[in-house]
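Examining the three-dimensional arrangement
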Amino acid sequence: MSTFDPKEHPHIRYNPLMEEWVTVSPHRMKRPWKGQVEKPEEEEIPSYDPNNSLCPGNTRSSGKVNPQYEGTFLFDNDFPALLKDGPAPCKLLLHREAKL
C-alpha cells in the first residue's frame, strides 16, 4: 500500500467558514478530456479606449487623471478592501472573533 499523499488521494477536509466537512478528490483531475475544444475567438483590442478608466490620460472613478504612460503603470486601488487609516474594531467584535 502507498503512503497517503493529499495531492493524489481522496480525503475529507474541514471548512471552518461553512462549519462542514468537504470531500476532496484530487485524483479526478487526471481524467482524460474527450470533449470538444473550441478555438478562442481572435479579438482585436484597440491600443486606446476612451471609455476605459485605466487607459493613459483617462479619468478614473476616483476623479484622478491617469498620466500619459507608455509602458507598464502601477495604479493605486481606488476601492481597496483594507483602509490605511480605518478605525479599530470595537472590543465586542474582537471578543466575538476570538471565540470562533
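Counting of residues starts from 1 at the beginning of each chain's written sequence and follows it residue by residue. Residues qualify for local features only when their pLDDT is at least 70, as the model is predicted, and side-chain atom pairs are given and counted only at 80 or more; totals for whole chains, interfaces and linings, by contrast, use all residues. Side-chain descriptors were evaluated using all non-hydrogen atoms of the structure, hydrogens and water having been removed beforehand.

**Remarks on the overall build of the chain**
Secondary structure elements are taken from DSSP: a helix is a run of H or I of four residues or more, a strand is a run of E of two residues or more, and numbering for both begins at the N terminus. Helix and strand content of the chain: 1 helix and 2 strands. The helix and strand sequence of the chain, counted from the amino end, reads β-β-α. Evaluated residue by residue, the chain yields a buried proportion of 8% over its 100 residues. Throughout, a residue-residue contact means that at least one pair of heavy atoms, one from each residue, lies within 4.5 Å. Put simply, 0% of the contacts in the chain that link residues at least 6 apart link residues at least 24 apart. With an accessible surface of roughly 10200 Å², the chain has 57% of that area assigned to carbon and sulfur atoms. With a 1.4 Å probe rolled over the protein chains alone, any residue whose accessible area is under 20% of its type maximum counts as buried; one over 50% counts as exposed, and the rest are partly exposed. Using the Shrake-Rupley algorithm and a 1.4 Å probe, accessible areas are obtained, with residue cover drawn only from the displayed protein chains.

**Remarks on unusual backbone geometry**
At E19, a residue that is not glycine, the phi angle is positive and equals roughly 55°. With respect to the helices and strands, the residue E19 is situated in the loop between β1 (11-15) and β2 (20-24).

**Re a nonpolar patch on the surface**
Two joining distances apply to patches: 9 Å for like charges and 5 Å for nonpolar side chains (Val, Leu, Ile, Met, Phe, Trp, Tyr), and every residue must have over 30% relative accessible area and no salt bridge. Salt bridges are defined as contacts in which a side-chain nitrogen from Lys or Arg sits within 4 Å of a carboxyl oxygen from Asp or Glu. On the surface, a cluster of nonpolar side chains totalling about 370 Å² of accessible area is made up of I12, Y14 and W21. Among the structural elements, W21 can be located in strand β2. Residue classification places W21 among the exposed residues on the basis of a relative accessible area of 58%.

**A look at the pairing of β2**
Put simply, side chains in a regular strand alternate between the two faces of the sheet. Inspection of the sheet shows β1 paired to β2 by 5 bridges, in the antiparallel sense. Paired with I12 across the two strands is T23, which belongs to β2. Pairing between strands requires that DSSP locate at least two bridges from one strand to the other. Where β1 hands over to β2, the hairpin turn is made up of 4 residues, of which E19 adopts a positive phi near 55°.

**A look at the pattern of salt bridges**
Working definition: two side chains of opposite charge can pair if their charged atoms are close together. Using the criterion set out here, one finds 2 salt bridges in the structure. Residue E8 pairs with K30 through a salt bridge whose shortest N-O separation is 2.3 Å. Of this pair, E8 sits in the segment before β1 while K30 is found in the loop between β2 and α1 (91-99), placing the two residues 22 residues apart along the sequence. The partly exposed category is assigned to E8, whose relative accessible area is 31%. Here R60 ties to D78 by a salt bridge, and the two come within 2.7 Å at their closest N and O atoms. One end of the pair, R60, is in the loop between β2 and α1; the other, D78, is in the loop between β2 and α1, and 18 residues separate them in sequence. The exposure class assigned to D78 is partly exposed, which follows from its relative accessible area of 23%.

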